[in-house]
Amino acid sequence: METTAAATAAERRRPLFTTEELGGRAVYRVQAATVAAGILLVLYYRATRVPAAGEGRAAWLGMAAAELWFAVYWVIAQSVRWRPFRRRTFRDRLAERYEQNLPGVDIFVCTADPQSEPPSLVISTILSVMAYNYPSEKISVYLSDDGGSILTFYALWEASIFAKKWLPFCKRYNIEPRSPAAYFSESKVHHNLCIPKEWALIKNLYEEMRERIDTATMSGKIPEEMKLKHKGFDEWNSDFTLKNHQPIVQILIDGKNRNAIDDDRNVLPTLVYVAREKRPQYHHNFKAGALNALIRVSSVISDSPVILNVDCDMYSNNSDSIRDALCFFLDEEMGQKIGFVQYPQIFNNMTQNDIYGNSFNVSYHVEMCGLDSVGGCLYIGTGCFHRREILCGRIFSKDYKENWNRGIKERGKENINEIEEKATSLVTCTYEHRTQWGNDIGVKYGFPAEDIITGLAIHCRGWESAFINPKRAAFLGLAPSTLAQNILQHKRWSEGNLTIFLSKYCSFLFGHGKIKLQLQMGYCICGLWAANSLPTLYYVVIPSLGLVKGTPLFPQIMSPWATPFIYVFCVKTLYGLYEALLSGDTLKGWWNGQRMWMVKSITSYLYGFIDTIRKCVGMSKMSFEVTAKVSGHDEAKRYEQEILEFGSSSPEYVIIATVALLNFVCLVGGLSQIMAGVWNMPWNVFLPQAILCGMIVIINMPIYEAMFLRKDNGRIPTAVTLASIGFVMLAFLVPIV
């Protein structure tokens, strides 16, 4: 008996996850130290070589300010590169110790617009998370429909019926992925694993369901005979509008009802539709408000101790993701202090060379792992498992013991109608008035980047987080497939993050004394995206104008002072390329990322910066724009061919075209004047500016093609080209003083 007890105790001491430090740190630290020395020399040169008034002093000081900013931002970015971690889980140990006592999991899926986020896309995500390799009776799935659309409700009702066949099919053959849309799109790879007749039957049932949903979405109407099949359709009447409607909570599958079974007579997960009340006179706090509504609704239906939230376009690609996350929470030694577990946001519609720089490979393989080593990665709004208690404001305490069995019981005397009525009362417009919801309880309000500020608040309450990036991606979604979508998304992100940085929740203020300095700095990497816009715009415009106007802004190439400039630029570039290739990018993909960094800096981040300042002085209010998840046929074709998509006369495109055209004209004009000896100076005085200008021209080659060579509908419109020519002409009238 003693031997058995000792073996059991030894088994329980074996960790459910392990932490490994990434290699190659010695090489990194050497390059970081030498780059830091080079940066100091560059700043010293700028400070001690200021030209006289009228000889380009203002431009010189502007260059010094831009380089000082880049130096500060570089230091901040190094905070997450010093000692990054990698996490690995042991699901077999979890099963040995907890298989009979696994906790319940509530899964939140949010959608807001049936046009930008088609219902057929939403239900594929819903079906994928219903089919996890996990006891179905312990899964509850909640769909928050902030669009309040009968089309979305109809799609979810269709999914609740299809789930009775889809879930047994997934588990019988252990298929991956468990999104029917993704699975059948890869049918040539997977169908040999199944009985052909059964595979064809399930595929036909899915396609018929999707056809019905897409037809209803296109027509905007639900067939009248369908409305008779569920009482929930009665909620939509003639007075119902998107921004003015009553709260709706409908339990489509009651997982605690023994009659809720699939075709193999296994219990189905609970499935709930939620549309919180909307009234014009009440602010609804966008996605943060929707998530808080789901926290309250789920508390009276399932009340699971673990909550997963997923964007509606991020389907589950790994059926063991719940078990991997639980390895962190249930670990006897380290799990006590982990508040949330974050998976990366990975996209499955990326082009081979990532034309729009959407992969975030370096962020996930380097930066998030580095944050993990200093107290916790960021909460990025999707693919994240939280303890329910921390979302309800609990402060970390070593004495706190989680009740992992909460919510796992059959329903008491209340019937489903009573439960729905009680849950509905929790999502009215006035429920949160004079409460701490959105402040100390739930997801934070008042910021477009509600995820980042909520994660920071959790860290400041003493909790840590864990980042896991398994070989098989846990979630796959849709990246923006047009330039306009990309610019909009990054504008929203950069604006939200800068708003946090300029508020009382700035990590250096709010986190002081609560989290490590490196984690405070790590939060500023994305917090200062928008602030990069002005120095970047300055650096891609002023040196080029100086080249054509005869104003030198760098040391001549033969001077010893050129060495630190060249060294910093080359080593930073080469190390960035090394990180990108190591993280899975292609060489061309890295180059596309450099282009998109410049494009986003002078458009998304610039607009985000301006809008944030306007909000800070009370000139505008916070808004939320949904990034479209669908594109037209021609746009999709050009995306697959890795051709930049323009097509409209957007002000952002005018900025992009103007910067590209300005550098081309300055390069041609500057080189012509150098060769002609117009400036009466040695040619190598202007060589650094000519090289910088030339690199900007090379990186903008697809822009010139879109302006002058392409004939398709995705080219830069003539009006944008003419406007950019006008702005270039005006730029030459600006003196470089």
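These figures come from a predicted structure and were not determined experimentally.

*Asks:* If you had to explain the overall build of the chain to someone new, which residues and values would you point to?
*Replies:* Helix and strand counts for the chain stand at 28 helices and 13 strands. Taking 737 residues into account, the globule formula puts the C-alpha radius of gyration at 27 Å, and the chain, at 28 Å, falls close to it. Projected onto its principal axes, the C-alpha positions of the chain cover 95 × 70 × 60 Å. The 737 residues of the chain split such that 59% are buried. For the chain, the share of sequence-separated contacts (at least 6 apart) that also reach a separation of at least 24 residues comes to 83%. Accessible area for the chain stands at about 31500 Å²; split by element, carbon and sulfur atoms hold 59% of it. Distance from the positive charge centre (76 side chains) to the negative charge centre (70 side chains) of the chain: 4 Å.

*Asks:* Mind laying out helix 28 (residues 718-731), listing which residues take part and the relevant values?
*Replies:* Helix length check: helix 28, at 14 residues, gives a terminal C-alpha distance of 20 Å against a target of 20 Å (1.5 Å per residue), a fit within 8%. All buried positions along helix 28 are accounted for by Val720, Thr721, Ser724, Val728 and Ala731. One side of helix 28 holds all its buried residues, which, seen down the axis, span an arc of 100°. Residues of helix 28 that are exposed and point more than 90 degrees away from the buried face comprise Thr718, Leu722 and Met729.

*Asks:* Describe in detail the UniProt feature "binding site: UDP-alpha-D-glucose" (unreviewed entry) in the chain, supporting the description with residues and values.
*Replies:* In this structure's numbering, the residues bearing the UniProt feature "binding site: UDP-alpha-D-glucose" (unreviewed entry) are Glu117 and Asp146. Separation in sequence by 30 residues is not matched in space for these annotated residues, since their most distant C-alpha atoms are only 11.4 Å apart. Looking at the element boundaries, aspartate 146 is found in the loop between strand 4 (139-145) and helix 6 (150-173). Residue class for aspartate 146 comes out buried when judged on its relative accessible area of 10%. If near-sequence neighbours (up to four positions away) are discounted, aspartate 146 is found in contact with Thr111, Ala112, Leu242, Arg276, Lys278, Phe286 and Ala290.

*Asks:* Please give an account of the packing of aromatic side chains that cites residues and values.
*Replies:* Applying the stated rule across the entire model yields 45 aromatic pairs. With a centroid separation of 5.8 Å and 90° between ring planes, the pair formed by phenylalanine 108 and tyrosine 142 is classed as edge-to-face. With phenylalanine 108 in strand 3 (residues 105-111) and tyrosine 142 in strand 4, this residue pair connects regions lying 34 residues apart in the sequence. In this pair, the class of phenylalanine 108 matches that of tyrosine 142, namely buried. Chaining the aromatic ring pairs together yields one cluster made of Tyr44, Tyr45, Trp60, Phe70, Tyr539, Phe554, Trp561 and Phe565.

*Asks:* Tell me about the UniProt feature "transmembrane region" (unreviewed entry) in the chain, residues and numbers included.
*Replies:* In this numbering, the UniProt entry assigns the feature "transmembrane region" (unreviewed entry) to residues 26-46, 58-77, 653-679, 685-704 and 716-736. Secondary structure over residues 58-77 splits into 100% helix and 0% strand, and the C-alpha atoms at its two ends are 29 Å apart. Helix and strand shares over residues 685-704 are 85% and 0% respectively, and the end C-alpha atoms of the span are 28 Å apart.

*Asks:* Quick rundown of the packing of helix 3 (residues 57-78) against helix 19 (residues 517-527)? Include the residues and the values.
*Replies:* Close contact between helix 3 and helix 19 brings their axes to 8 Å; oriented N to C, the two are set at 125°. Judged by the inter-axis angle, helix 3 sits oblique to helix 19. Our pair here, helix 3 against helix 19, has a crossing hand that is left-handed. Together, Tyr73, Val75, Ile76 and Ala77 of helix 3 and Met521, Cys524 and Ile525 of helix 19 make up the contact between the two elements. Residues belonging to the contact of helix 3 with helix 19 are distributed by class as follows: seven nonpolar, no polar and no charged.

*Asks:* Lay out the sheet that holds strand 9 (residues 338-342) with the relevant residues and their values.
*Replies:* Pairing is mixed in the open sheet, where eight strands are placed in the order 5-6-4-3-7-11-9-12. Lying at the two open borders of the sheet, with one neighbouring strand each, are strand 5 (248-253) and strand 12 (464-467). The mean inter-strand angle of the sheet, taken between neighbouring strand axes irrespective of direction, is 20°. The sheet contact formed by strand 9 and strand 12 spans four bridges and is parallel. Note on strand 12: the bridge partner recorded for glutamine 342 is phenylalanine 467. Seen against the sheet, helix 5 (residues 119-130) touches strand 3, strand 4, strand 5, strand 6 (270-275) and strand 7 (306-311) and runs at an angle of roughly 165° to strand 4.

*Asks:* Tell me about the sheet that holds strand 8 (residues 315-316), residues and numbers included.
*Replies:* One open sheet accounts for three strands, arranged 8-13-10; its pairing is mixed. Of all strands in the sheet, those with a lone pairing partner are strand 8 and strand 10 (346-347), marking the two edges.

*Asks:* Could you give an account of the pattern of salt bridges, with specific residues and numbers?
*Replies:* Going through the model one piece at a time under the given rule, you end up with 34 salt bridges. Here arginine 172 makes a salt bridge to aspartate 264, at a shortest N to O gap of 2.8 Å. Taken as a pair, arginine 172 in helix 6 and aspartate 264 in the loop between strand 5 and strand 6 lie far apart in primary sequence, 92 residues in all. Judged by relative accessible area, which is 39%, arginine 172 ranks as partly exposed. Two residues, aspartate 611 and arginine 614, come together in a salt bridge whose shortest N-O distance is 3.7 Å. Linking aspartate 611 with arginine 614, this pair stays in helix 23 (residues 604-616), spanning three residues, or about one helical turn. Exposure remark for arginine 614: the relative accessible area of 33% places this residue in the partly exposed category. A single salt-bridge network, built from bridges that share partners, covers Lys491, Glu495, Asp611, Arg614 and Lys615.

*Asks:* Talk me through the side chain of histidine 245; I want residue IDs and the actual numbers.
*Replies:* As for its placement among the helices and strands, histidine 245 is situated in the loop between helix 10 (224-227) and strand 5. Given a relative accessible area of 1%, histidine 245 falls into the buried group. Not counting the four nearest positions on each side in its chain, histidine 245 is found in contact with Gly148, Phe240, Ala275, Arg276, Glu277, Lys278 and Arg279.

*Asks:* Provide a residue-level description of the pairing of strand 6, including the pertinent values.
*Replies:* Burial of strand 6 is extensive: six of the six residues sit out of reach of the surface. Neither face of strand 6 is open: one carries Thr270, Val272 and Val274, the other Leu271, Tyr273 and Ala275, and all of them are buried. Pairing of strand 4 with strand 6, which is carried by five bridges, proceeds in the parallel orientation. Among the inter-strand pairings, tyrosine 142 is bridged to a residue of strand 6, identified as valine 272.

*Asks:* Tell me about unusual backbone geometry, residues and numbers included.
*Replies:* Following glutamate 176, the chain continues into proline 177 via a peptide bond in cis, with omega recorded as -10°. Within the secondary structure layout, proline 177 lies in the loop between helix 6 and helix 7 (180-185). Unusually for a residue other than glycine, asparagine 285 sits at a positive phi of about 60°. On the accessibility criterion, asparagine 285 (15% relative accessible area) is buried. Phi at glutamate 642 is positive, roughly 60°, even though this residue is not glycine. Note on placement: glutamate 642 falls in the loop between helix 24 (633-640) and helix 25 (651-676).

Conventions adopted
Numbering of residues starts from 1 in each chain and follows the order in which that chain's sequence is written. Given that this is a predicted model, residues contribute local features only at a pLDDT of at least 70 and side-chain atom pairs are listed and counted only at 80 or more, while totals for whole chains, interfaces and linings are drawn from all residues. Side-chain measures were taken over the full set of non-hydrogen atoms in the model, leaving aside hydrogen atoms and water. The secondary structure listing takes helices from DSSP runs of H or I that are at least 4 residues long and strands from runs of E that are at least 2 residues long, numbered from the N terminus. Radius of gyration means the value over C-alpha atoms here, while the globule rule gives 2.2 Å times the residue count to the 0.38 power. Burial classes: relative accessible area under 20% of the type maximum marks a residue as buried, over 50% as exposed, and values in between as partly exposed (1.4 Å probe, protein chains only). In what follows, residue pairs with any heavy atoms lying within 4.5 Å of each other are defined as contacts. Residue exposure ignores everything except the shown protein chains as possible cover, and the areas themselves are Shrake-Rupley values with a 1.4 Å probe. Working convention for charge: Lys and Arg count positive, Asp and Glu count negative, and His plus the chain ends are omitted. The atom standing in for a charge is NZ when the residue is Lys, CZ when it is Arg, CG when it is Asp and CD when it is Glu. An expected span of 1.5 Å times one less than the residue number is assigned to each helix. Relevant arc is that of directions from the helix axis to the C-beta atoms, nothing else. UniProt positions are given in the numbering used here, feature names are shortened, and annotations may be inferred rather than shown by experiment. The rule is short: rings of Phe, Tyr and Trp, with Trp giving its six-membered ring, pair when the centres are within 6.5 Å, and they are stacked under 30 degrees, edge-to-face over 60, tilted in between. Orientation is described by axes fitted as lines to C-alpha atoms, over the contacting stretch for helices, and by angles from 0 to 180 degrees between their N-to-C directions. By the definition adopted for this analysis, an angle is roughly parallel if under 35 degrees, roughly antiparallel if over 145, roughly perpendicular if from 65 to 115, and oblique otherwise. Two helices crossing with the near one rotated counterclockwise from the far one by less than a right angle form a left-handed crossing, whereas a clockwise rotation gives a right-handed crossing. Each residue receives one of three labels: charged for Asp, Glu, Lys and Arg, nonpolar for Ala, Val, Leu, Ile, Met, Phe, Trp, Tyr, Cys and Pro, and polar for the others, Gly being one of them. Strands qualify as paired when DSSP identifies two bridges or more between them. In what follows, salt bridge is the name for a side-chain nitrogen of Lys or Arg lying within 4 Å of a carboxyl oxygen of Asp or Glu.

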